[in-house]
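# Results of the structural survey
Next come the chains, spelled out residue by residue.
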Amino acid sequence: MLSFIDWNPDPTIFELFGFPVRWYGLCFAMAFLAGFQVLSFIFKKEGRPVEQADHLLIYAMVATVIGARVGHYFFYEFPLLQADPIRFFTQMIIPPYSGLASHGAGIGLFTAFYLYTKKYPGQSYLYVTDRVVPTVALGGFFIRMGNLMNSEIVGKPTDLPWGFKFYRDTEFNSMGTAEVLARHPSQLYEALSCLLLFFIVMWFWSKKKEKTQEGLITGWFMIALFALRFFYEFFKENQSEFENYMTLNMGQILSIPAMLFGVAVLLFAKKNPAP
């Protein structure tokens, strides 16, 4: 049996005209490409113009990048805002964009869906979120795999046989490669969970879409996704130093209102009759 897994991939796949092509960037692009294919498939099956899937993807892309970036700084870099506001906003806006927060991306996406429904009437807000949920789950899989290839958002030390030694992690390996500890591959935990949620949601949509209240898929997905996120945070190292003094870290705190939102959507959906 393995006692640990050595993990030392180069984050850069190759260079193109002097510009590095990185695994994370590739995974980020794959998240949107795969999401578009899934959304187009759903729209076709339901008799909606595929062009609307194009437009919804653009809304989602812009919202994800802006929401994730702004969310990271306000959720995880808030001490910098208090110490140096100018540097805070400068780093948030100017590349490289090394910090992205999934909770911020979620807020951005739900805002974008509202704007989309205003431009394209005839689709209720919850109808849209129910159809986008599978793409969010699939996107979560690719993003977390990108984190794994970057050796970032690492887990806490473990003696389990599937523990990863992240040799390229510079934040927690200050003692050198000889002292690298095996850690929970928390990125892989979340990636596989998102992939499983994707298949579950797609199966449910394919079997029950014509008899399901609007919002039911969204509500259950929000509860499941962020309950898993809350649980996995126990295995992850904190992303910011101030979290070390908190009972629950920022990821867990932000997951609570997300789960409550899911409960509220679920209760609202239950009050409405199925189509």
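Summarised in this report is the structure supplied together with it. (Residues numbered from 1 in each chain as written. Predicted model: local features only at pLDDT ≥ 70, side-chain atom pairs only at ≥ 80, totals over all residues. Heavy atoms only, no water.)

Counting secondary structure elements, the chain contains nine helices and five strands. Overall, the chain shows an N-to-C arrangement of helices and strands of β-β-β-α-α-α-α-α-α-β-β-α-α-α. Computed over its C-alpha atoms, the radius of gyration of the chain comes to 20 Å, within 12% of the 19 Å expected for a compact globule of 275 residues. Projecting the C-alpha coordinates of the chain onto the three principal axes gives extents of approximately 60 × 50 × 45 Å. Within the chain, the fraction of its 275 residues that count as buried is 47%. Intrachain contacts of the chain at a sequence separation of at least 6 include 72% that bridge at least 24 residues. Per element, the accessible surface of the chain, about 14,800 Å² overall, is 68% carbon and sulfur. (Helix = DSSP H or I, 4+ residues; strand = E, 2+ residues; numbered from the N terminus. Rg over C-alpha atoms; globule rule 2.2 N^0.38 Å. Buried < 20%, exposed > 50% of the residue type's maximum accessible area, 1.4 Å probe, protein only. Contact = heavy atoms within 4.5 Å. Areas by Shrake-Rupley, 256 points an atom, 1.4 Å probe, with all protein chains shown as cover.)

Another aspect to go through is the pairing of strand β3 (residues 19-22). Relative to β3, strand β2 (residues 12-16) runs antiparallel, the two being bridged by four bridges. Bridging from a neighbouring strand, L16 pairs with F19 of β3. From the end of β2 to the start of β3, which pair antiparallel, there are two residues, and F17 there has a positive phi angle of about 55°. (Pairing = 2+ DSSP bridges.)

In this section: the pattern of salt bridges. If you walk through the whole model with that rule in mind, you get six salt bridges. Here E190 makes a salt bridge to K236, at a shortest N to O gap of 3.1 Å. With a gap of 46 residues between them, E190 in helix α7 (residues 186-208) and K236 in the loop between α8 (216-232) and α9 (250-271) connect regions that are remote in the sequence. A residue is classified by how much of its surface remains accessible, and E190, at 8% relative accessible area, is buried. Taken together, the shared-partner salt bridges connect R144, E190, R229, E233 and K236 into one network. (Salt bridge = Lys/Arg side-chain N within 4 Å of Asp/Glu carboxyl O.)

What follows is about the packing of helix α5 (residues 102-119) against α8. Contact geometry of α5 with α8 gives a least axis separation of 13 Å together with a crossing angle of 165°. As the angle between them shows, α5 and α8 are arranged roughly antiparallel. The handedness of the crossing between α5 and α8 comes out as left-handed. Across the interface between the two elements, S102, H103 and F110 of α5 pack against T218, M222, F226 and R229 of α8. Here the residues of the contact of α5 with α8 sort into three nonpolar, three polar and one charged. (Axes fitted to C-alpha atoms, helices over the stretch in contact; angles between N-to-C directions. Parallel < 35°, antiparallel > 145°, perpendicular 65-115°, else oblique. Left-handed = near helix turned anticlockwise from the far one by under 90°. Nonpolar A, V, L, I, M, F, W, Y, C, P; charged D, E, K, R; others polar.)

This part is about the sheet that holds strand β1 (residues 5-7). Strand order in the open sheet made by the three strands is β1-β4-β5, with mixed pairing throughout. Strand pairing shows two members of the sheet lacking a second neighbour, β1 and β5 (182-183), which therefore form its edges.

Further remarks concern the nonpolar core. Counting 43 residues, the largest nonpolar core has F43, L56, V128, F142 and F221 as the members making the most contacts within it. Contributing elements (two or more residues each) for this core: α1 (23-45), α2 (50-76), α5, α6 (125-149), α7 and α8. If you look at the next biggest cluster of nonpolar residues, it comprises six residues, including W7, V154, F164 and F166. (Core = buried A, V, L, I, M, F, W, Y, C linked by side-chain atoms within 4.5 Å.)

Time to look at the environment of F89. Mapped onto the elements, F89 comes out in helix α4 (residues 85-93). Taking the C-alpha atoms as reference, F89 lies 41 Å from W205; in sequence the two are 116 residues apart. Among residues more than four places away in sequence, those in contact with F89 are F74 and L81.

Note that all results are geometric; they support no functional claim without further evidence.
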